[in-house]
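Given next are the chains, with one letter for each unit.
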Amino acid sequence: MTRFHAIQFTLLLTGSMVANSTMAAVEHSCLAQPVTSIADISDDLVIDAGHASWNMHSEKLQMGGGVQLRQKSQHISANSVTYDKRGGRIDATGNVIIRQPGYSFSTQEITYFVDEKRVETSQPVSYRLIETGGNGTAGTSNITIDGVSSFSDISYSSCPMEDPAWRLEASKMKIDREEGTLTAHNVHLKAGDTTLLYVPYFQFPIDGKRHTGLLLPSIRVTSSTGTELMAPYYLNLAPNYDATIYPRITTKRGLILGGEFRYLTEQYQGILEAEIAPWDDDNQGDDLRYMWRWRNQAQFSPHLSAEIDYTHVSDSDYLDDMQSRLEKSTDSYRERFSTLSYRDSYWDASIKFADFDPTDLDATDAYERLPEILFNWRKFHQNGLFSEIDAGYTRFENKDSSMAAGNRVDLQPATGIELLRPWGSFKAKLSGRYTSYSLDRTGINPKVEKDTTRTSYTATLDGTLVYERDTNWFGISSLQTLEPRLFYTYTPYTNQDNLPVFDSRLADFSFDNLFRENRFTGPDRVGDANQLVTAITTRFISHDSGLEWLRASLGQIIYFDEHMVDLPDSEDIITDEAAFVASLYSQINDFWSVETALQWSRESVSHRNSFVGINYHDAEAGHYASLAWRERNQISAENEEQLNYLSAATGWRISNKLNVVGNLLYSIEEDRLLDVAAGVEYDSCCWAVRGLVTRRADDETDDQRYNTGFSLQFLLKGLGEFGSGGFGGRISPPVSAHDQFETYY
């Protein structure tokens, strides 16, 4: 801002002269902008004026022509100013602007008490806050540089002052700069002339720091809890730990009282969460219903660390019945574990104790590990030579007497050579495996022995060549690669019918899994193999963008011997002379991409596993959509089960203010929806409203049971949220559609 003076008069009451200071203009935008803070100068009062006159009898100084006053961090500008030396006060009139750290004010008339560094005015005041950009008006004001400022008949909003979409109105308000809080009494939340909410007392931070106080409430509706109101209370206990208490009032479950405690030290960080439902109206029994969870991570040194995750619920239905806000695991089971780990340059070791919540009915077939001790060592030598050792001891426990239980020791040393060159790679590896079992019980399988061992070895050869050429496809100048690969595996047959199965499963199908040494996961089964994988991959990489816009792979497994090692009561998925896996990925353009994979065999007319997915993503427009289909055949001795799923997901910005999201998972075999969600967000200048509807099948075998929920959230920007959480910061686009498949496999 530029000013012109006929006369410039600068008066220094104490101290030395300082340069002129002008107030920077504040830009206007949709959301009210913060004002610029000013630094502390000194306790001296400095006055800069265009002209001045002194009355010796009254000892008053009259100044005009645009006056600037500065004392410490307070800066006042006005059209005219009268300084009363006897009274120690300054009266300023005409376009008065007051700036100090935290906020700025404008009015027409003020009285400034020099010694107290305090401003009083009975005139209407307009103000703006620095941290939030909040603004409003007040009737009367008492403003101090340090300490507490008070106002009456005050309003607050983060919207532009000219036309606020919402505002808070209060009879009294105090701003405590030392505490960093704003406290208001008799507060009305208004939209236009309509009162949306009234609270007798309200407090929120103005300095961006954590403060003890009541957080804004949330509302949601679910088929399990009914209508729910949650009013959290935050406790800022110390810089490195805090707590939140959140009572939930529900129409179906009564009062649910929950809380969380967070802590952070140099070595530890964690969170303790708990909930209790003392008066569950729908509870079939009289037992108290509750849940608690403790998660802790510790870093004792750069090498030594530990982790604990322990959850307990009163009954198996608690999470679904209460729609608990405590974090639910995405795994099938609620595993509880503690781990101590040591990691060095070439080796690492860990000991883990893991069991399952006894109320978790899904975990009845899962094994507890009490304990599991693992050791891994890797070393690369000169000329591409390497050596490694994987070792483990596990004590498997299961409360089901029909399941095997006992100890397992597994050792897997290996050595080989690996050569990497720009034109390709070669790897030869020889590994052995020794596994020993000492069982307390063998379970229902009569072939399993209590004390037994297995010794096997595996040899692999893996070679890849990389050819490159420049090409032009569809008008795209590209670098094309051709990458043939051979992967040979030999593992002699060892009869393993006398061994239990604790954690071994058949590896899922994918192109990458063609190159596994063992077709089983876990040590309980080592698959016999005399097979060769022949594969070829080609990539097209754009010269202009560096984008890999097309990748195609085809692999064939040639079996020289038929597989003989299987899991109990199952057959290998593919046992014929040849099996094929193909995959294709194409980034068609800047928006569209396609991905597909297929596995089939000669002996079967139909394919065994397949996947097709298509994605559209326009980040600039805020448009995302994904559609995927997956079919999977599960073959056992009793039957062949076919899983056939269709999944879709989208996030679509309809306009600058309107955004919608949705996803669904549909079982074609069962002809029903397994999971569906739809959300909408209206995001205005300084407020937003978000709604989300979810419906999820409780049990895949029961098409009558669903969990349905509805969440509604209001966001007043610059103030806080009123409504239910769970959206993150905004309603964001969902994950790719095919990511949902893993939940049901």
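For the structure, check the block above.
The residue numbers shown here count from 1 along each chain, following its written sequence. At least 70 in pLDDT is required for a residue's local features to be given in this predicted model, at least 80 for side-chain atom pairs to be given and counted, and no such filter applies to totals for whole chains, interfaces and linings, which use all residues. As a convention, hydrogens and water are excluded, and side-chain values are obtained from all of the structure's heavy atoms.

Engineer: In this structure, what is going on with the state of the cysteines? I would like to understand it.
Structural biologist: Between two cysteines, a covalent bond joining their sulfur atoms is known as a disulfide. Working definition: a disulfide is two cysteine sulfur atoms within 2.5 Å of each other. Scanning all chains against the criterion turns up one disulfide. Paired through a disulfide, cysteine 159 and cysteine 686 show a sulfur-sulfur distance of 1.6 Å. Across the disulfide from cysteine 159 to cysteine 686, rotation about the S-S bond amounts to roughly 85 degrees, and the bridge is consequently right-handed. Placement of the pair is cysteine 159 in the loop between β14 (148-156) and β15 (167-176) and cysteine 686 in the loop between β46 (672-683) and β47 (687-699), with a sequence separation of 527 residues. Counting from the N terminus, the helices are the DSSP runs of H or I reaching at least four residues and the strands are the DSSP runs of E reaching at least two.

Engineer: Sorry if this is basic, but what is going on with the environment of proline 371 here?
Structural biologist: Position of proline 371 relative to the elements: it lies in strand β29 (residues 368-380). On the accessibility criterion, proline 371 (14% relative accessible area) is buried. When the C-alpha atoms of proline 371 and alanine 354 are compared, they prove to be 7.1 Å apart, with 17 residues separating the residues in sequence. Once residues lying within four places of it in the same chain are set aside, the contact partners of proline 371 are Ile351, Lys352, Phe353, Tyr393, Thr394 and Arg395. Each residue's exposure class comes from its accessible area (1.4 Å probe, protein chains only) as a fraction of the maximum for that residue type: buried when under 20%, exposed when over 50%, partly exposed otherwise. Contacts between residues were defined by any pair of non-hydrogen atoms, one from each residue, lying within 4.5 Å.

Engineer: Help me out: how do you make sense of the packing of aromatic side chains in this one?
Structural biologist: How two aromatic rings sit relative to each other is set out by the distance from centre to centre and by the angle between their planes. Classification of ring pairs rests on two measures: the distance between centres of Phe, Tyr or Trp rings, Trp counted by its six-membered ring, which must be within 6.5 Å, and the angle between planes, read as stacked under 30 degrees, edge-to-face over 60 and tilted in between. Tallied over the entire structure, the rule returns 26 aromatic pairs. For the ring pair phenylalanine 105 and tyrosine 127, a centre distance of 6.4 Å and an interplane angle of 40 degrees mean the geometry is tilted. Of the two residues, phenylalanine 105 sits in strand β9 (residues 103-113) while tyrosine 127 sits in strand β11 (residues 125-129), which places them 22 residues apart along the sequence. For tyrosine 127, a relative accessible area of 1% corresponds to the buried category. Seen from their ring centres, tyrosine 437 and phenylalanine 502 are 6.3 Å apart, and the 35 degrees between their planes marks the pair as tilted. Here tyrosine 437 is found in strand β32 (residues 424-441), whereas its partner phenylalanine 502 is found in the loop between β35 (476-491) and β36 (505-506), with 65 residues between them in sequence. Neither residue differs from the other here; tyrosine 437 and phenylalanine 502 are each classed as buried. An aromatic cluster of three or more residues is present, and its members are Tyr367, Phe396, Tyr437 and Phe502.

Engineer: Which parts of the structure should I look at to understand the pattern of salt bridges?
Structural biologist: Salt bridge, as applied in this entry: a Lys or Arg side-chain nitrogen positioned within 4 Å of an Asp or Glu carboxyl oxygen. All chains considered together, the criterion is met by 40 salt bridges. Between glutamate 548 and arginine 539 there is a salt bridge, with the nearest N and O atoms lying 3.3 Å from each other. Through salt bridges with shared partners, a single network forms among Arg253, Asp280, Arg289, Asp315 and Asp321.

Engineer: Hey, could you run me through the pairing of β15 in this one?
Structural biologist: Two faces, one strand: in a regular strand the side chains alternate between the faces of the sheet. Pairing geometry for β14 and β15, over eight bridges, is antiparallel. By the bridge assignment, serine 152 is partnered in β15 with lysine 172. Only strands joined by at least two bridges in the DSSP assignment are considered to pair. Examined bridge by bridge, β15 and strand β16 (residues 181-191) share eight bridges and lie antiparallel to one another. Paired with isoleucine 175 across the strands is leucine 182, a residue of β16. Count of turn residues in the β15/β16 antiparallel hairpin: four residues, of which glycine 180 carries a positive phi of about 70 degrees.

Everything listed here is a matter of geometry and, on its own, says nothing about what the molecule does.
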